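Listed below are the residues making up each chain.
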Amino acid sequence: MIVERLKSLRKSRQVSQKDFAKALRVSQQTVASWEVGRTEPSNLALKDIADYFNVTTDYLLGRSDNPQRL
């Protein structure tokens, strides 16, 4: 689920993999690996991704269809 949601969020905000990677202080290759499901973000990276897109980690993980924080 994170594969689809991560890629969708990034593209909907028109952020390149390179710029997203720079904001999260990871390599572009790391972001690409997340987006194709080769690897998964660490817990810390998952938190940073949620903060970057202002969504919940539950949304990223597919545990909720509501991206909004309460």
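Use the structure listed above.
Sequence positions are assigned chain by chain, starting from 1 and proceeding in written order. Only residues with pLDDT of at least 70 get local features here, since the model is predicted, and only at 80 or more are side-chain atom pairs given and counted; chain-wide, interface and lining totals rely on the full set of residues. Calculated side-chain values reflect all of the structure's heavy atoms, with hydrogen atoms and water omitted.

(A) Examining the overall build of the protein chain more closely. A run of H or I in DSSP counts as a helix once it spans at least four residues, and a run of E counts as a strand once it spans at least two, with each numbered from the N terminus. When you go through the protein chain residue by residue, the secondary structure sums to 5 helices and 0 strands. Along the protein chain, helices and strands appear, N-terminal first, in the series α-α-α-α-α. In terms of C-alpha radius of gyration, the protein chain reaches 11 Å, essentially the compact-globule figure of 11 Å for 70 residues. Dimensions along the principal axes, computed over C-alpha positions, put the protein chain at roughly 30 × 20 × 20 Å. Think of it in three bands: with a 1.4 Å probe and only protein chains considered, a residue is buried below 20% of the maximum accessible area for its type, exposed above 50%, and partly exposed in between. A total of 70 residues make up the protein chain; the buried ones form 33% of that total. Counting 12 positive and 8 negative side-chain charges, the protein chain places the centres of these two groups 5 Å from one another. In this description the radius of gyration comes from C-alpha coordinates, and the expected globular size is given by 2.2 Å times residues to the power 0.38. All tallies of charge rest on Lys and Arg as positive and Asp and Glu as negative; His and the ends of each chain are not included. To locate a charge, take NZ of a lysine, CZ of an arginine, CG of an aspartate or CD of a glutamate.

(B) Structural detail: the packing of helix α2 (residues 17–24) against helix α4 (residues 43–53). Axes here refer to lines fitted to C-alpha atoms; in helices the fit is confined to the stretch in contact. Angles between the N-to-C directions go from 0 to 180 degrees. The geometry of α2 relative to α4 is characterised by a closest axis approach of 10 Å and an angle of 115 degrees between their N-to-C directions. Classified by the angle their axes make, α2 and α4 are roughly perpendicular. The element α2 and its partner α4 pack so that their crossing is right-handed. Along its contact with α2, which presents F20, A23 and L24, the element α4 presents A45, D48, I49, Y52 and F53. Put simply, Ala, Val, Leu, Ile, Met, Phe, Trp, Tyr, Cys and Pro go in the nonpolar bin, Asp, Glu, Lys and Arg in the charged bin, and everything else, Gly too, in the polar bin. The class makeup of the residues in the contact of α2 with α4 is 7 nonpolar, no polar and 1 charged. The labels follow the angle: roughly parallel below 35 degrees, roughly antiparallel above 145, roughly perpendicular from 65 to 115, and oblique for the rest. Note: crossing handedness is left-handed where the near helix turns anticlockwise from the far helix by less than a right angle, and right-handed where it turns clockwise. We call two residues in contact when some of their heavy atoms are within 4.5 Å.

(C) Spotlight on the pattern of salt bridges. Salt bridges are defined as contacts in which a side-chain nitrogen from Lys or Arg sits within 4 Å of a carboxyl oxygen from Asp or Glu. Tallied over the entire structure, the rule returns 5 salt bridges. Salt-bridge contacts for E35 lead to R10; the nearest nitrogen and oxygen are separated by 2.5 Å. Of the two residues, E35 sits in helix α3 (residues 28–36) while R10 sits in helix α1 (residues 2–12), which places them 25 residues apart along the sequence. A salt bridge links D51 to K47; the shortest N-O distance between them is 3.0 Å. Placement of the pair is D51 and K47 together in helix α4, with a separation of 4 residues, close to one helical turn.

(D) Quick look at the nonpolar core. Grouped together as the largest cluster of nonpolar side chains are 17 residues, with contacts concentrated most on L6, F20, W34, I49, F53, V55 and L60. If one sorts the elements of this core by residue count, α4 sits on top with 5 residues. Contacts of L60, omitting those with residues within four sequence positions, involve M1, I2, R5, L9, L46, I49, A50 and V55. Put simply, buried Ala, Val, Leu, Ile, Met, Phe, Trp, Tyr and Cys residues joined by side-chain atoms within 4.5 Å make one nonpolar core.

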